[in-house]
Amino acid sequence: MARSVNFYLSAPLMEAGLESPIDEEGVHDSFSQLIAEQSQNGGVPDAFELQQLQRDLDEEGQDNVPYLPSPGPEYRGRPEGQTGTEWEDNDGEMDPLVGERWSSATMKILSSMPSRTIGRSRGAIISQYYNRTMQLRRRRQTRPAIAGSYRAARPSIRGYGIESDTTDDVAASKRDRLVNNLQNLSGGDRVRMLRAIPLSVAEKRELRRLALQKEHRTQTASRIPCCSQLKYYIIIAARQSWYSWLSFLHSLQLWQVALKRVSGRFGSGVLSYFLFLKTLLFFNLFLFLVTGAFLVLPQAVHPPAPSIGRRSFSGLELLTGGGYFSDSVMYYGYYCNYTLRKSCQEDVLVANETRSNCASKHHSYNMPLAYFFTIGFAFFITCIILVYSMSKSFGQSFRIDKSRSILAIKVLCSWDFKVIKKTSVKLMSENICTQLKELLAEGNHKQDEKTRCQKLKRLMVHGLAWAICIAGSIACALGIYFFSDHMHQNLRQTSRFVPKNPLLNEASLLALPVVVSLMNQLLPGLFNLVAWMEDYESPTIRTYVAISRNLILKVSVLGVLCFHWLGRVATEPESIGLQCWESFVGQELYRFLLMDFIFTLLDTLFGEFLWRLFSEKVLKRKRSPEFDIPRNVLDLIYGQTLAWLGVLFTPILPAVQILKLFLLFYIKKSSVMMNCQAPRRPYRVSQMHTIFISLLCFPSFLGASVCVTYTMWSIPPSFSCGPFRGLGTMFQAGKKWMEELEKDNPNLSLLARAHSYLLEHPFFLFVGAGIFLIVIYFHSQVVDGQRKIISLLQEQIENEGEDKKFLITRLQSIHERKRTPARRQDSNY
Amino acid sequence: MGNKQTIFTDEQLDAYQDCTFFTRKEILRLHGRYHELAPHLVPMDYTNDPDCKLPLALIVNMPELKENPFRNRIVESFSEDGMGNLSFNEFVDMFSVLSEMAPRELKAIYAFKIYDFNVDNYLCKEDLEKTLNKLTKEELTPEEVELVCEKTIEEADLDGDNKLSYADFENMITRAPDFLSTFHIRI
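Under the annotation held in an unreviewed UniProt entry, chain B carries the name Calcium and integrin-binding family member 2 and is attributed to Xyrichtys novacula.

Taking an unreviewed UniProt entry as the reference, chain A is identified by name as Transmembrane channel-like protein belonging to Xyrichtys novacula. Annotation of chain A in UniProt includes, under Subcellular location (unreviewed entry), the sentence "Membrane". The Sequence similarities (unreviewed entry) comment attached to chain A in UniProt states, word for word, "Belongs to the TMC family."

Structure follows, in structure tokens:
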């Protein structure tokens, strides 16, 4: 790419008194184009040399200047003298580039180097994007339309649109070539490329118009066969419908105004909590649509025979989920285990012969199979969506090399443009100021060497804090274990006798959820207190520690509860007088979800509202409480885990969760606006988002799906209720179906055998997991390699910088030497 | 499709949709916002692309920009004449680049333009000093400002010319994953 630069001035240029030390012919052609551009755009030439340069460039006419775009705002032509004086001021620098008095021509050339003009001058932008569209075309390997290729190009390369060095190409402007490339891209690629080009919208519209115009022309000119035309129309129609679907989605604009107000006042950190809530809402909406359409609706339309002993409605049902609701479409027990068919009763009245027609009608719906596959499908799709969003978030926030430009990032990337309220803006300025001062102080004093004694003391304090927190979590878990056991024994007792007060018995079922929710809300407060006495180096570590302690608590609580339900209640349901343990577990989950919501409300009331009043009136502090983002997000994740655990037993639970999230949004939003202030500590939004999505995926979703899989695989379903009654495990519904299929259609026996073989031998699971681990290992090695390459490239960039400095100083010194003999000659005359 | 509106032709709306990150409804909403800044100046009928520019003072009074310390530079970077007079195309361009869906590279280009106060293609020390003063509302002492600017250049300058070129800036942006979420204005 680099042509050799001629260090010696050619004679005609020297006579003209030209300052440029560079032989114009030897210059890379982009230089000449850019020089010519600037000479046409140039601002006030303040030196005689500059005027000379301009005149000579115009005279020479060697500039085969292609299309010159109109001057952009970025070339208001700052006079070079200004940059010169700025450099002169730094005389004390050892850097050879600085402090020299460069000739204006040198500085002009320096400022027009290609690396300096990327993203600035239009010509450079157009060339850059021309190259990119070329790369994209090569990658896509689309064959351009025959009519668009150059006649002069060799036939072998006509199909690739490769630049050929014919005079035709030189004549065609870069802009036309860009338009040609755009035209040859597919619709989606073209739109993406157009959007990413950093030109003004007016120019982009012009490019688009030209690209589409050409397309129309080539289409009509070449008489495309009708099937391609049909394809073209289909693509256009698909694009239009996609845009209208997007418009519709955007017009729903759930909470757009509310989110804007929150972000305007609190910034991206608090906004991330509300966006997370919105994401969870969409997950639950999807879940509800699936279970509603495939389970709830068919069963509601074909209700089974009503069971005896159905209790009447009393208000307590809304809290406990039992009573009237226990025999409704809400719970597992209501669902039939036979194939639903359209009601044949009226046909019987008409004629007896039509009864046979009933059986052969294809309005049949195999309920057990539907239940099994719907739950499996819902979990599978949720898993895919979660893993996809987790990897996308991880990709955005993961940085291969350790960041060493913390101060630079703080100065240039930390201002949150979303904040529009005056007081919040002031607060943000203060925060940034404080953080900058801290960073400066850190940099100045380098870590004070702590004495061994101090280090030990800090370690002890940390150890004590962790011990307290873990002991608290374990105590909590044990407490729940024994309390649930106690409740279990109580139920055993009461089931033996006829209940005197059924309502009281129902209400006593609420005790366990209340205790668990209480612990869930109080213990994080204890953790915060403990963290207050510790001293952390950075706020990030403090946040991570708080999240992990909270996580340990919630995981242990959920673990104990799952053991209680699946290990105690499910294994001996008759001992507590249950006909249908799945419905009971479903009710328990409903109660837990509801109590969690109520306690969150109470916590918002006490933690934020009353605390603010207290701190204002009693403590006379000016600062309101801060919104504790990690804690609230973990609460959301906990609620979502409960919802996922409960879908199997309560297909309507996602609807309850949707309602809960909806109400929670408005309550939290009003509380935040009224009571809280923006966080003082810096909050890394994308990192936290990645962590929360990973927490949602790994402990939460994975745990829920493991429990559900275990239930379906190992636990025998109730004998007298639900769609899987009578089967050994829920999983056998699938097996039974395969067997039936095989019976009906012997050709599928191979498939059936393969299916049963795969399921019964876990060997394939191990092999699959092993391959997965190997792939992960390879990728981590690739990342390591890339890290090394990045450091090598940085070294290269530094070397290039040194080369440039060397070349410029040499050129300038040679130019000086050439000029002084010429001047001496002049002065002699 | 949808309601019949007479502000833009369908072809214009398609063009806007392809060239920016907004949908049709959002473009119409933006036109509403643009119009309400100066109801007498901005025509309701844009079908023949009228040449109407609003001055800097009007745009900078929008609630989304009013408290932003960089508001003048933001509007100037998107204006064709460099003085901050925005036509509707430039108005849409500004909010499109600052929207959620704009890619990192595009945002980096315009962020560089915004912080480059003297428009010389580099973030030199003066530019950084001005940026800092606007960020901290001049709460830092001049020595601290000097120190911060020096350290910033030291950290981010790769090719050693004591200024940050676009390449240096872009390299630094790749290390700041939060850039995408902070360089975002909701309209």
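Focus: the overall build of chain A
Looking only at helices and strands, chain A has 32 helices and two strands in total. Among the 829 residues that make up chain A, the fraction classed as buried is 43%. In chain A, of all internal contacts separated by at least 6 residues, the share reaching a separation of at least 24 is 78%. About 45,300 Å² of surface is accessible on chain A, with carbon and sulfur atoms providing 62% of the total.

Some remarks on the overall build of chain B
Helices and strands together make up the secondary structure of chain B, namely 10 helices and two strands. Each helix and strand of chain B, placed in order from N terminus to C terminus, yields the pattern α-α-β-α-α-β-α-α-α-α-α-α. Principal-axis analysis of the C-alpha atoms gives chain B an extent of 60 × 30 × 25 Å. Considering chain B as a whole, with its 187 residues, one finds that 63% of them fall into the buried category. In chain B, the proportion of contacts linking residues at least 24 apart, taken out of those at least 6 apart, comes to 56%. If you sum the accessible surface of chain B, you get close to 6,900 Å²; carbon and sulfur atoms cover 51% of it. Distance between charge centres in chain B, computed from 20 positive and 37 negative side chains, equals 6 Å.

Looking at the environment of Asp178(B)
The residue Asp178(B) is located in the loop between α9 (166-174) and α10 (179-182) in this model. Residue class for Asp178(B) comes out buried when judged on its relative accessible area of 18%. Beyond its immediate sequence surroundings of up to four residues, Asp178(B) is in contact with Tyr683(A), Arg684(A), Val685(A) and Ser686(A). In this structure the side chain of Asp178(B) is engaged in a polar contact, spanning 3.4 Å, whose partner is the backbone nitrogen of Val685(A).

Quick notes on the packing of helix α4 (residues 71-78) of chain B against helix α6 (residues 104-115) of chain B
All names here are of chain B. Here α4 crosses α6 at 120 degrees, and the two axes come no closer than 8 Å. With respect to α6, the axis of α4 lies oblique. Two packed elements cross with a definite hand, and for α4 against α6 that hand is right-handed. Across the interface between the two elements, Arg73, Ile74, Ser77 and Phe78 from α4 touch Tyr110, Lys113 and Ile114 from α6. Its residues assigned to classes, the contact of α4 with α6 shows four nonpolar, one polar and two charged.

Focus: the UniProt feature "transmembrane region" (unreviewed entry) in chain A
Residue and element names in this part refer to chain A. Residues given the UniProt feature "transmembrane region" (unreviewed entry) here are residues 271-297, 369-389, 459-483, 503-523, 642-667, 688-713 and 763-780. Annotated as 77% helix and 0% strand, the span residues 642-667 places its first and last C-alpha atoms 21 Å apart. With 100% helix and 0% strand, residues 763-780 has its two end C-alpha atoms placed 26 Å apart.

Overview of the packing of aromatic side chains
Tallying each qualifying case throughout the model produces 47 aromatic pairs over all chains. Taking the centre distance of 5.5 Å and the plane angle of 45 degrees together, the rings of Trp255(A) and Phe662(A) count as tilted. With a gap of 407 residues between them, Trp255(A) in the loop between α13 (226-252) and α14 (256-266) and Phe662(A) in helix α28 (residues 653-675) connect regions that are remote in the sequence. Judged by its relative accessible area of 7%, Trp255(A) falls in the buried class. Where Phe665(A) meets Tyr666(A), the ring centres are 5.5 Å apart and the plane angle is 85 degrees; that geometry is what we call edge-to-face. Its relative accessible area of 0% is what places Phe665(A) among the buried residues. For Tyr666(A), a relative accessible area of 38% translates into the label partly exposed. Here the aromatic residues Phe417(A), Phe70(B), Phe112(B), Tyr115(B), Tyr166(B), Phe169(B), Phe179(B) and Phe183(B) are joined through ring pairs into a cluster of three or more. Between the NZ or CZ atom of Arg549(A) and the centre of the ring of Trp466(A), over which it lies, the distance is 4.6 Å. Taking NZ or CZ as reference, Lys163(B) lies 3.8 Å from the ring centre of Tyr122(B), over its face.

Section: the nonpolar core
Tyr273(A), Phe276(A) and Ile375(A) are the most contacted members of the largest nonpolar core, which has 111 residues in total. With 13 residues, the single largest contributor to this core is helix α15 (residues 268-301) of chain A. In this view, Phe276(A) contacts Val633(A), Leu636(A), Ile637(A), Phe692(A), Ile693(A) and Leu696(A); residues no more than four positions away in its chain are not counted. In terms of nonpolar packing, the next biggest core, distinct from the first, is built from 78 residues, Phe8(B), Ala38(B), Phe95(B) and Leu132(B) among them.

A short note on unusual backbone geometry
Glycine aside, a negative phi is what most residues show, and trans is what most peptide bonds show. Residues and elements named next belong to chain B. Of note, the phi angle at asparagine 121 is positive, near 70 degrees, even though the residue is not glycine. Mapped onto the elements of the fold, asparagine 121 is located in the loop between α6 and α7 (125-136). The residue asparagine 162 is not glycine, and still its phi comes out positive at about 65 degrees. Structurally, asparagine 162 is set in the loop between α8 (142-156) and α9.

Side note on the confidence of the model for chain A
All names here are of chain A. Here chain A shows a mean pLDDT of 76. Residues at 70 or above account for 74%. Within chain A, helix α27 (residues 629-646) carries the highest mean pLDDT (94), whereas helix α4 (residues 80-89) carries the lowest (37). Across residues 56-96, where pLDDT falls below 50, the model places 74 contacts with residues more than four positions away in sequence or in other chains.

What about the state of the cysteines?
Residue and element names in this part refer to chain A. Applying the stated criterion across every chain yields a total of one disulfide over all chains. The disulfide bridge from cysteine 580 ends at cysteine 721, spanning 1.7 Å between sulfur atoms. Between cysteine 580 and cysteine 721 the sulfur-sulfur dihedral comes to about 90 degrees; the bridge is accordingly right-handed. Taken together, the residues span a long stretch of sequence, with cysteine 580 in the loop between α25 (539-569) and α26 (581-617) and cysteine 721 in the loop between α29 (685-714) and α30 (732-744) at a distance of 141 residues. Using a relative accessible area of 12% as the deciding quantity, one classes cysteine 580 as buried. No disulfide involves cysteine 469; its sulfur sits 12 Å from the nearest other cysteine sulfur, which is in cysteine 476. Note on cysteine 469: relative accessible area 1%, which makes it buried.

Topic: the interface of chain A and chain B
Counting from both sides, the interface comprises 89 residues of chain A and, opposite them, 88 residues of chain B. Buried area between chain A and chain B, summed over both chains or domains, comes out near 8,100 Å², and the portion from carbon and sulfur atoms is 55%. It is Arg205(A), Leu412(A) and Phe417(A) in chain A that bury the most area against chain B; as a group they hold 11% of the surface buried on that side. Inspection of the chain A/chain B interface yields five salt bridges. Residue Arg205(A) is joined to Asp49(B) by a salt bridge in which the shortest nitrogen-to-oxygen separation is 3.3 Å. Taken together, the links from chain A to chain B amount to 21 residue pairs in polar contact (both at pLDDT 80 or more). The dominant element in the side of chain A that touches chain B, judged by the number of residues it contributes, is helix α21 (residues 422-445) of chain A, at 10 residues. Residue classes in the side of chain A that touches chain B are distributed as 38 nonpolar, 24 polar and 27 charged.

Definitions and cut-offs
- Residues numbered from 1 in each chain as written.
- Chains lettered and ligands numbered in written order.
- Predicted model: local features only at pLDDT ≥ 70, side-chain atom pairs only at ≥ 80, totals over all residues.
- Heavy atoms only, no water.
- UniProt positions renumbered as here; feature names shortened; annotations may be inferred.
- Helix = DSSP H or I, 4+ residues; strand = E, 2+ residues; numbered from the N terminus.
- Buried < 20%, exposed > 50% of the residue type's maximum accessible area, 1.4 Å probe, protein only.
- Contact = heavy atoms within 4.5 Å.
- Areas by Shrake-Rupley, 256 points an atom, 1.4 Å probe, with all protein chains shown as cover.
- Lys, Arg positive; Asp, Glu negative; His and termini not counted.
- Charge placed at Lys NZ, Arg CZ, Asp CG, Glu CD.
- Polar contact = N/O pair within 3.5 Å; in protein donor to acceptor, adjacent residues only side chain to side chain.
- Axes fitted to C-alpha atoms, helices over the stretch in contact; angles between N-to-C directions.
- Parallel < 35°, antiparallel > 145°, perpendicular 65-115°, else oblique.
- Left-handed = near helix turned anticlockwise from the far one by under 90°.
- Nonpolar A, V, L, I, M, F, W, Y, C, P; charged D, E, K, R; others polar.
- Phe/Tyr/Trp six-rings, centres within 6.5 Å; stacked < 30°, edge-to-face > 60°.
- Lys NZ or Arg CZ within 6 Å of the ring centre and 35° of its normal.
- Core = buried A, V, L, I, M, F, W, Y, C linked by side-chain atoms within 4.5 Å.
- pLDDT = per-residue confidence, 0-100.
- Disulfide = S-S within 2.5 Å.
- Buried area = accessible area lost by both parts, 1.4 Å probe.
- Salt bridge = Lys/Arg side-chain N within 4 Å of Asp/Glu carboxyl O.

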